[in-house]
Amino acid sequence: MSYFSDLGLAEPLLRALEAKGYNDPTPIQQKSIPALIEGRDLLGLAQTGTGKTAAFSLPSLHRLITNPQPRKSASCRMLVLSPTRELAAQIAENMRGYAKFVNMSIQCIFGGVPAGKQARALVPGCDVLVATPGRLLDLIDQRAFTLRDVEIFVLDEADQMMDLGFINPLKRIARLLPQQRQSLFFSATMPQAIEALGKQFINNPVKVEVAPQSTTAERVEQRAILISQSEKQALLTMTLRAGLAEGAADPIERAIIFTRTKHGADRVVRHLTPAGIEAAAIHGDKSQAQRTAALKGFRENRIKVLVATDIAARGIDVSGVSHVFNFEIPNVAEQYVHRIGRTARAGADGIALSFVAEDERPYIRAIERLTGVKLKILPLPEDFLREAARLPAPAKRTSGEMQDAARRDGGRRDGGRRDGGRSEGGRREGSRSEGGRREGGRSNNDRRLSVHGDRPRDGARSQGQREADRARGERRDAERRNRDGAARPAAAGPRGARPAPVRSQFDPLRENVDAAPRGNGQRRQRQG
Ligand code: AMP
């Protein structure tokens, strides 16, 4: 008898779990399923990777199965709200898997694709609707859907919803839901504002908290390299090249690179491609078709490197991600935990490598305080500067990218609403990075000094030379500051990079940086 059957789930669900090869419920499933079967509301403090999708899906499907009702037109019995398109699609896919031995209609709607087809699919009504808030409201406003029959309401990734500015859409949706319903509210973090939002939806909930944020982090080997912003691209290219090479001593199976902005993500891809590293970017400015194709390629292991912004990658579950690279360090410590949670999933170990520029060091300290885990500081590979100067120049923007950019600009002039961008933050994300503090954390000055900025090839060597001089100076200064043995012996260089002699570098763990982390208390940084 499987452990799941002890939780009282209906037989077709147990069969589906068996088919999926799930033997035991995860802690969040053990804690949530019995209370949810009873019909209680739930406040869940949990991040992705804990099994929370099944934790809310299984008991909800159980309730729908054991209390069958005829479908009503343009209506649903269970509503799941997700902040992003990818997460919505993933939840719907998971739920279809759990419901594969019962007759359930599970629909999914999100922005970035034409609304007409989605509206037509909803006409006969469905059992479960998974939606992003903006597109749902668009369809409700068009009278293509009603929430009056919702019996079970799930709000997933509430903190991410707030970050994306979905607070008002959520309040509107709350007013449209029937009073009599079961509500489940999940968030990876629970600051006061999120708790207050939760109170608008849930009533006398069971509280479930699993895997405090540090737990995932503990399973990931966390490394950092201190490096100037302008050297990051070269280091990334070299590290990936070495780790992806056939027979690499320390192989990279699959990697996600996190950048702060959409433009930053595209730029990384443009640098990796001529270096022979196939990579795809996923962010809010990409069309839905491009995002889907990139994720599919990554899931099917045809593309080994995915370059993503935080928003686009949140909640994405791809197994076998061996490495997460933080090309830029987030100034909100929790975001770091979400990022590195893309690796070390389902108990596997993973490696997170953070490229830390001088102005990002306070963020690292905030992250270490949150996770309770010290990052292992690695030296730069010995031959870094020589190798960096040899890397090919970045590819030009493809005509597709140019067209996308032109379309986006046109879209903005139109108000950008018709394509449903609003529903998942497409337009929002656009305005975010554009209005962001800076692009990829680089000042104009930085960009001028870039080893391989987006510039014509013949200019690259001299830039590289200038940057090398500057970097050497930076390191000499750091050595002076750390003279009393601050250098930390590193056990190994970055994966695949040649072992380097221990070299003194500026060390965020030891150096007395006066600036307080601008992380949690401060306005969240804009991101793509
Ligand atoms: P989630 O937190 O919902 O994103 O789930 C993380 C991953 O764990 C997904 O790939 C699920 O399919 C998987 N998973 C969920 N529950 C179980 C379970 N009881 N046993 C094994 N894998 C599970």
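Coordinates for the structure precede this section.
Since this is a predicted model, take the numbers as computed values, not measurements.

Calculation rules
Residues numbered from 1 in each chain as written. Predicted model: local features only at pLDDT ≥ 70, side-chain atom pairs only at ≥ 80, totals over all residues. Heavy atoms only, no water. Helix = DSSP H or I, 4+ residues; strand = E, 2+ residues; numbered from the N terminus. Buried < 20%, exposed > 50% of the residue type's maximum accessible area, 1.4 Å probe, protein only. Contact = heavy atoms within 4.5 Å. Areas by Shrake-Rupley, 256 points an atom, 1.4 Å probe, with all protein chains shown as cover. Pairing = 2+ DSSP bridges. Axes fitted to C-alpha atoms, helices over the stretch in contact; angles between N-to-C directions. Core = buried A, V, L, I, M, F, W, Y, C linked by side-chain atoms within 4.5 Å.

1. Focus on the overall build of the protein chain
Thought 1: For the protein chain, the helix and strand inventory stands at 23 helices and 14 strands.
Thought 2: The 528 residues of the protein chain split such that 59% are buried.
Thought 3: Across the protein chain, every contact between residues at least 6 apart in sequence was considered, and the portion connecting residues at least 24 apart equals 79%.
Thought 4: By element, 48% of the accessible surface of the protein chain is carried by carbon and sulfur atoms, the whole surface being about 21,900 Å².

2. Considerations on the sheet that holds strand 1 (residues 42-45)
Thought 1: Pairing within the open sheet is parallel, and its seven strands lie in the order 3-4-2-5-6-1-7. Among the strands making up the open sheet, the edge pair consists of strand 3 (106-109) and strand 7 (206-209). Within the sheet, the average angular offset between the axes of one strand and its neighbour, ignoring direction, is 15°.
Thought 2: Here strand 1 pairs with strand 6 (residues 182-187) via four bridges, running parallel. Bridge pairing in strand 6 links Leu-42 to Leu-184.

3. Brief notes about unusual backbone geometry
Thought 1: A positive phi angle, near 50°, is found at Ala-74, a position not held by glycine.
Thought 2: In this structure, Ala-74 sits in the loop between helix 4 (52-66) and strand 2 (78-81).
Thought 3: With relative accessibility at 15%, the residue Ala-74 sits in the buried group.
Thought 4: Phi is positive for Arg-143, which is not a glycine, with a value near 60°.
Thought 5: Summarising the element assignment, Arg-143 is placed in the loop between helix 7 (133-141) and strand 5 (152-155).
Thought 6: The exposure class assigned to Arg-143 is exposed, which follows from its relative accessible area of 78%.

4. Comments concerning helix 7
Thought 1: Along helix 7, eight of the nine residues are buried, which leaves the element largely enclosed by surrounding structure.
Thought 2: Along helix 7, the positions that sit buried rather than exposed are Pro-133, Gly-134, Arg-135, Leu-136, Leu-137, Asp-138, Leu-139 and Ile-140.
Thought 3: Among the residues trailing helix 7, Arg-143 stands out with phi positive, at a value near 60°.

5. Some details on the nonpolar core
One broad trend across soluble globular proteins is that nonpolar side chains are buried collectively.
Thought 1: Leu-58, Met-78, Val-80, Met-95, Val-128 and Val-130 are the most contacted members of the largest nonpolar core, which has 41 residues in total.
Thought 2: Once you skip the residues sitting within four places of it in the chain, Met-78 turns out to touch Phe-56, Ser-60, Leu-64, Met-95, Asp-127, Val-128, Leu-129, Ile-152 and Val-154.

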